[in-house]
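Chain by chain, the residues run as shown.
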Amino acid sequence: MILLAIETSCDETAIALVKRRRGKQLSFDVLSHKVLSQATLHAEYGGVFPTLAKREHAKALPQLIAHALEEADLLFERVQEKPIGMAKREKLTSILFREPELLRALTVLFQGIQKPTVDAIAVTVGPGLPPALYIGANVAEALSLIWDIPLYPINHMEAHIIVGLLEKDAQKSSTGYKLQEPKRPAIALLISGGHTELVRITGARSYHILGETKDDAVGEAFDKVARLFGLPYPGGPMISKLAEKARNENVIPDKVFVLPRPMLHTKDLHFSMSGLKTSVLTKVKAHEPLSEKQKEMLAFEFENAVTDVLVHKTKNALYETRAQSLIIGGGVSANKHIREALKDLALEEKCDIYLPLSNLAGDNGIMIAATGLYHIHTGVKPKRTLTVNGNWRINTA
Ligand code: KG4
Ligand code: ZN
């Protein structure tokens, strides 16, 4: 079976076409994968601007899907254009009545091609920015109607967990992945631009949030600190580079740059990052303009503070739940120092650790495709219509 996955929850328009392999263990080949980042467009706003994100997703999505189908060898032009029937056209118009441009683009593109051998569609419907989510959801619903194929709504945070369980399976082809089965109970630490969550996993698709951030998400804190340093959005990777320089040079941060470890010793499993960001702001203001060395030192101390808190809370969660596996997900899981610290924790606590492959840590289409296949594999019923929920919590996924 071939599945088309669509992701538009934030500032990446991502598509994947995957083909499930036969066998008991869930495995698949990637036929095409496309990620179009809008980051440079949002840079001047210092963060993701929802209306702009929506416009760019709408502009990119139909073409991106067509390119993916072409790359997967599934796109064949019709000898004669077949107009979409009246009943379907009416439904399509009702799905896309707010998006006349998108409706036109989809109609032109897809009435001119033969129905591809795609068997299902998976799409992110939350959590995320509603205007951005609507584009992916509406296009998915429209295509499922045009092609008469089932639809699977996907929770973005569940997809960040599932992608952590993927490993390359190049035995049969270089584009193969298989899904590993973690020992349960498992804990997932999700660290992205919008979320910081500790989740307990007791069974297939059984998720329970144990702790989360009270204010800024970890990725958001990295991005805000980057902004204080005058670096463009998304600044997480650049802060991490500055920190790495200081770490490699064995720099010991000046006392004046020492930062707090928020909520380190509270008994709960919640996080708070905004105080840490405010402390960075105070230091930046007090030492303006910061030299390159001072920026490195402060980035180093910031990354260490974040890591200390993440490791400590995760350790508590492992104790509390007697978890046997630790799964890490979300864009910040690309951070080398945080990855290493969590690997050390897992070693110390004798639990298995699953980290996303480095090209799959940030938002992408393969994570949505893998989760769609996982839903099919575990017997989730498809939907006819979709409900977008910008605040969809994984508990109810
Ligand atoms: O999961 P993701 O791609 O999008 C959301 O679902 O939010 O995460 C994006 C976040 C951004 O805040 C970005 O700065 C952060 O992940 N990020 C990093 C690193 N790479 C990406 N933060 C720290 N260190 C990194 N190496
Ligand atoms: Zn994400």
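Note that this is a predicted model, so its numbers are computed, not measured. (Residues numbered from 1 in each chain as written. Chains lettered and ligands numbered in written order. Predicted model: local features only at pLDDT ≥ 70, side-chain atom pairs only at ≥ 80, totals over all residues. Heavy atoms only, no water.)

Draft legend 1. Here's a closer look at the overall build of the chain. Counting secondary structure elements, the chain contains twelve helices and twelve strands. Principal axes of the C-alpha set define a box for the chain whose edges measure 75 × 45 × 35 Å. In the chain, which comprises 397 residues, the proportion classed as buried is 54%. Long-range contacts, defined here as pairs at least 24 residues apart, represent 76% of the contacts in the chain between residues at least 6 apart. Mean positive and mean negative side-chain charge positions of the chain (49 and 44 charges, respectively) differ by 5 Å. (Helix = DSSP H or I, 4+ residues; strand = E, 2+ residues; numbered from the N terminus. Buried < 20%, exposed > 50% of the residue type's maximum accessible area, 1.4 Å probe, protein only. Contact = heavy atoms within 4.5 Å. Lys, Arg positive; Asp, Glu negative; His and termini not counted. Charge placed at Lys NZ, Arg CZ, Asp CG, Glu CD.)

Draft legend 2. Main features of the sheet that holds strand β11 (residues 325-329). The strand order across the open sheet formed by five strands is β10-β9-β8-β11-β12, and the pairing between neighbours is mixed. The two strands at the open ends of the sheet, each matched to only one other strand, are β10 (206-212) and β12 (352-354). Strand-to-strand twist of the sheet, defined as the mean angle between neighbouring strand axes without regard to direction, takes the value 20°. The sheet contact formed by strand β8 (residues 186-191) and β11 spans five bridges and is parallel. Its bridge partner being in β11, A188 is matched across the sheet by I327. Each of β8, β9 (196-203), β10 and β11 is contacted by helix α10 (residues 292-321), which is oriented at about 155° to β8, the strand it contacts most. (Pairing = 2+ DSSP bridges. Axes fitted to C-alpha atoms, helices over the stretch in contact; angles between N-to-C directions.)

Draft legend 3. Main features of the side chain of N155. As for its placement among the helices and strands, N155 is situated in strand β5 (residues 151-155). We classify N155 as buried; its relative accessible area is 0%. Setting aside anything within four residues of it in sequence, one finds N155 in contact with G126, P127, W392, R393, I394 and A397.

Draft legend 4. Focus on the site of ligand 1. As a matter of local geometry, ligand 1 sits amid 19 residues, with H160, G193, D223, G331 and D363 nearest to it. Within the side chain of H160, a nitrogen or oxygen atom sits 3.1 Å from an oxygen atom of ligand 1. A distance of 3.3 Å separates an oxygen atom of ligand 1 from a polar backbone atom of G236. Here ligand 1, which alone exposes 550 Å², has 86% of that area covered by the protein. Elements with a contribution of two residues or more to the shell around ligand 1: α6 (156-164), α7 (218-228) and α8 (236-248). Split into classes, the residues belonging to the shell around ligand 1 amount to five nonpolar, twelve polar and two charged. (Near = heavy atom within 4 Å. Polar contact = N/O pair within 3.5 Å; in protein donor to acceptor, adjacent residues only side chain to side chain. Areas by Shrake-Rupley, 256 points an atom, 1.4 Å probe, with all protein chains shown as cover. Nonpolar A, V, L, I, M, F, W, Y, C, P; charged D, E, K, R; others polar.)

Draft legend 5. Inspection of the sheet that holds strand β7 (residues 176-179) at higher detail. The seven strands are arranged β5-β4-β1-β2-β3-β7-β6 in an open sheet whose pairing can be described as mixed. The open sheet is flanked by β5 and β6 (166-168), the only strands paired with a single partner. Neighbour to neighbour, the strand axes of the sheet diverge by 30° on average, direction disregarded. By the bridge criterion, four bridges tie strand β1 (residues 2-7) to strand β4 (residues 120-126) in an arrangement that is parallel. Residue pairing for β4: L3 is matched across the bridge by A120. Strands in contact with helix α2 (residues 50-71) are β1, β2 (12-20) and β3 (27-37); relative to β2, the strand with the most contacts, it is inclined by about 25°. Contacts from α6 reach β1, β4, β5, β6 and β7, with the element oriented near 85° to β5.

Draft legend 6. Structural context of the nonpolar core. One finds F229, F302 and V306 to be the most contacted residues of the largest nonpolar core, which totals 47 residues. Secondary structure elements with two or more residues in this core: β8, α7, α8, α9 (274-286), α10, β11 and α11 (336-349). It is α10 that contributes the most residues to this core, eleven residues altogether. Within the second largest apolar cluster, 41 residues are counted, among which are I6, A72, I121 and A142. (Core = buried A, V, L, I, M, F, W, Y, C linked by side-chain atoms within 4.5 Å.)

Draft legend 7. Main features of the coordination of the zinc ion (ligand 2). Distances from the zinc ion (ligand 2) to its protein donors, namely H156 (NE2), H160 (NE2) and D363 (OD), fall within the range 2.1 Å. Every donor residue of the zinc ion (ligand 2) comes from the same chain, spaced as H-x3-H-x202-D. Of this pair, H160 sits in helix α6 while D363 sits in the loop between β12 and α12 (365-377), placing them 203 residues apart in sequence. One exposure class covers both H160 and D363, and it is buried. (Donors = N, O, S within 2.8 Å, 3.2 Å for Na, K, Ca; no water.)

Draft legend 8. The arrangement of unusual backbone geometry in detail. Residue R184 is joined to P185 through a cis peptide bond whose omega torsion reads 5°. Locating P185 in the fold gives a position in the loop between β7 and β8. Backbone torsion omega between E288 and P289 reads -10°, so that peptide bond is classified as cis. In this structure, P289 sits in the loop between α9 and α10. A positive phi angle, close to 55°, is found at D148, a residue other than glycine. Summarising the element assignment, D148 is placed in the loop between α5 (130-147) and β5. We classify D148 as exposed; its relative accessible area is 56%. Despite not being glycine, M263 has its phi angle at roughly 60°, a positive value.

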